[in-house]
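Here's the letter readout for the chains.
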Amino acid sequence: MFKLKSTIAIVSIAALLGGCQSMQRQNATTGEMETNSTTTGAIVGAVSGALVGLATGDNAKERRNRALAGAVAGGAVGAGVGNYFDRQEAALREELLNSGVQVRRVGEDQLVLVMQNGIGFASDSYMLESSIYNTLNGVARILVEYPDTVLMITGHTDSTGSEAYNQTLSLKRADSVRTYLSGQRVAGNRLSTMGMGESSPICDNSTSQGRTCNRRVEINIYPKGN
């Protein structure tokens, strides 16, 4: 009974901690309402802190007090992390509106910026086109403003050419984006790159339109420590 009451109290505290921000946001892809990172972080942090409290203490009263204290502390930390990530997402969406670069939310702790349809690169080239500079400048400004995130930049190609050639081309494209962002004051130790070649198509490579769709660079953004 003690643990049940404590759990109810913990979840209530977490909800209150998350209440300083909107409890829900609209998913930009599906249009459905979902709990935002601030609220989810508060709940996870509160429960984690409470479990530590429940595991310590010499008697029921002391364990209860420690559990509630842990819920408050853990919930505050969780809410802070979630709020930081929510604000970065909102800033990127505003900056990249009408740029052709998509902003996708994956779960609670990942953002993906998709430079799709060959945006930024000529066919069979890894040299950045000047038309993408302003967009990447905007991305860099937000990344500098939110330094507590790390990036994995991933290059992709269509299926034209050999697998080995496409693997190399995709990595060089990712490296070009990394080099540009680094030149815009995004710390190099936040940036990693990977080439996926033709291995992860999102469209049908049998059509010209599909191949264009598959030529892309994705910038995956995570909180530090993930």
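As annotated in an unreviewed UniProt entry, the protein is Putative lipoprotein YiaD from Marinomonas aquimarina. Under the Subcellular location (unreviewed entry) heading, UniProt states for the protein: "Cell outer membrane".

Here's the deal with the environment of Leu 151
Note that Leu 151 resides in strand β5 (residues 149–156). Distance from Leu 151 to Glu 218, taken between C-alpha atoms, is 9.9 Å for residues 67 residues apart in sequence. Excluding residues that lie within four positions of it along the chain, Leu 151 makes contacts with Leu 143, Leu 181, Arg 190, Leu 191, Ser 192, Ile 219, Asn 220 and Ile 221.

Section: the nonpolar core
Leu 113, Val 177, Leu 181 and Ile 221 are the most contacted members of the largest nonpolar core, which totals 30 residues. Listed by contribution, the elements that provide at least two residues to this core are α3 (60–95), β4 (110–115), α4 (133–145), β5, α5 (163–183) and β7 (216–223). For this core, the leading source of residues is α4, giving five residues.

Describing α5
The periodicity of an α-helix, 3.6 residues per turn, causes residues three or four places apart in sequence to face the same way. Relative to the 30 Å expected for 21 residues at 1.5 Å per residue, α5 spans 30 Å between its end C-alpha atoms, a close match to the ideal helical length. When we look at burial in α5, the residues that qualify are Asn 166, Leu 169, Ser 170, Arg 173, Ala 174, Ser 176, Val 177, Tyr 180 and Leu 181. Looking down the long axis of α5, one finds its buried residues gathered within 145 degrees of arc, a one-sided arrangement. Opposite its buried face, α5 presents the exposed residues Ala 164, Thr 179 and Gly 183, each directed more than 90 degrees away. Tucked into the core, α5 has its buried residues touching β4, α4, β5, β6 (191–195) and β7.

Some remarks on the packing of aromatic side chains
Tallied over the entire structure, the rule returns two aromatic pairs. Aromatic pair Tyr 84 and Tyr 146: ring centres 5.2 Å apart, planes at 75 degrees, arrangement edge-to-face. On the criterion of sequence distance, the pair formed by Tyr 84 in helix α3 and Tyr 146 in the loop between α4 and β5 is long-range, its members being 62 residues apart. Under the relative-accessibility criterion, Tyr 84 is labelled buried at 18%. On the numbers, 5.1 Å between centres and 20 degrees between planes, the contact of Tyr 133 with Tyr 180 is stacked. Taken together, the residues Tyr 133 in helix α4 and Tyr 180 in helix α5 connect sequence positions 47 residues apart. Classification of Tyr 133 as partly exposed rests on a relative accessible area of 32%. When its relative accessible area of 17% is taken as the criterion, Tyr 180 is described as buried.

Some words on the sheet that holds β7
The strand order across the open sheet formed by five strands is β3-β4-β7-β5-β6, and the pairing between neighbours is mixed. Either end of the sheet is taken by a strand with one partner, and the two such strands are β3 (102–106) and β6. Within this sheet the neighbouring strands show an average axis-to-axis angle of 20 degrees, counted without direction. The pairing of β5 with β6 spans five bridges and is classified as parallel. Each residue of the ladder has a partner; that of Leu 151, found in β6, is Leu 191. Strands in contact with α5 are β4, β5, β6 and β7; relative to β6, the strand with the most contacts, it is inclined by about 165 degrees.

A few points about the state of the cysteines
Tallied over the entire structure, the rule returns one disulfide. One disulfide in the model links Cys 203 with Cys 213; its S-S distance is 2.0 Å. With the S-S dihedral at roughly 50 degrees, the linkage between Cys 203 and Cys 213 falls on the right-handed side. Taken together, the residues Cys 203 in the loop between β6 and α6 (208–214) and Cys 213 in helix α6 connect sequence positions ten residues apart. Exposure remark for Cys 213: the relative accessible area of 6% places this residue in the buried category.

Reading guide: rules and limits
Residues numbered from 1 in each chain as written. Predicted model: local features only at pLDDT ≥ 70, side-chain atom pairs only at ≥ 80, totals over all residues. Heavy atoms only, no water. UniProt positions renumbered as here; feature names shortened; annotations may be inferred. Helix = DSSP H or I, 4+ residues; strand = E, 2+ residues; numbered from the N terminus. Contact = heavy atoms within 4.5 Å. Core = buried A, V, L, I, M, F, W, Y, C linked by side-chain atoms within 4.5 Å. Buried < 20%, exposed > 50% of the residue type's maximum accessible area, 1.4 Å probe, protein only. Expected span 1.5 Å × (residues − 1). Arc of directions from axis to C-beta. Phe/Tyr/Trp six-rings, centres within 6.5 Å; stacked < 30°, edge-to-face > 60°. Pairing = 2+ DSSP bridges. Axes fitted to C-alpha atoms, helices over the stretch in contact; angles between N-to-C directions. Disulfide = S-S within 2.5 Å.

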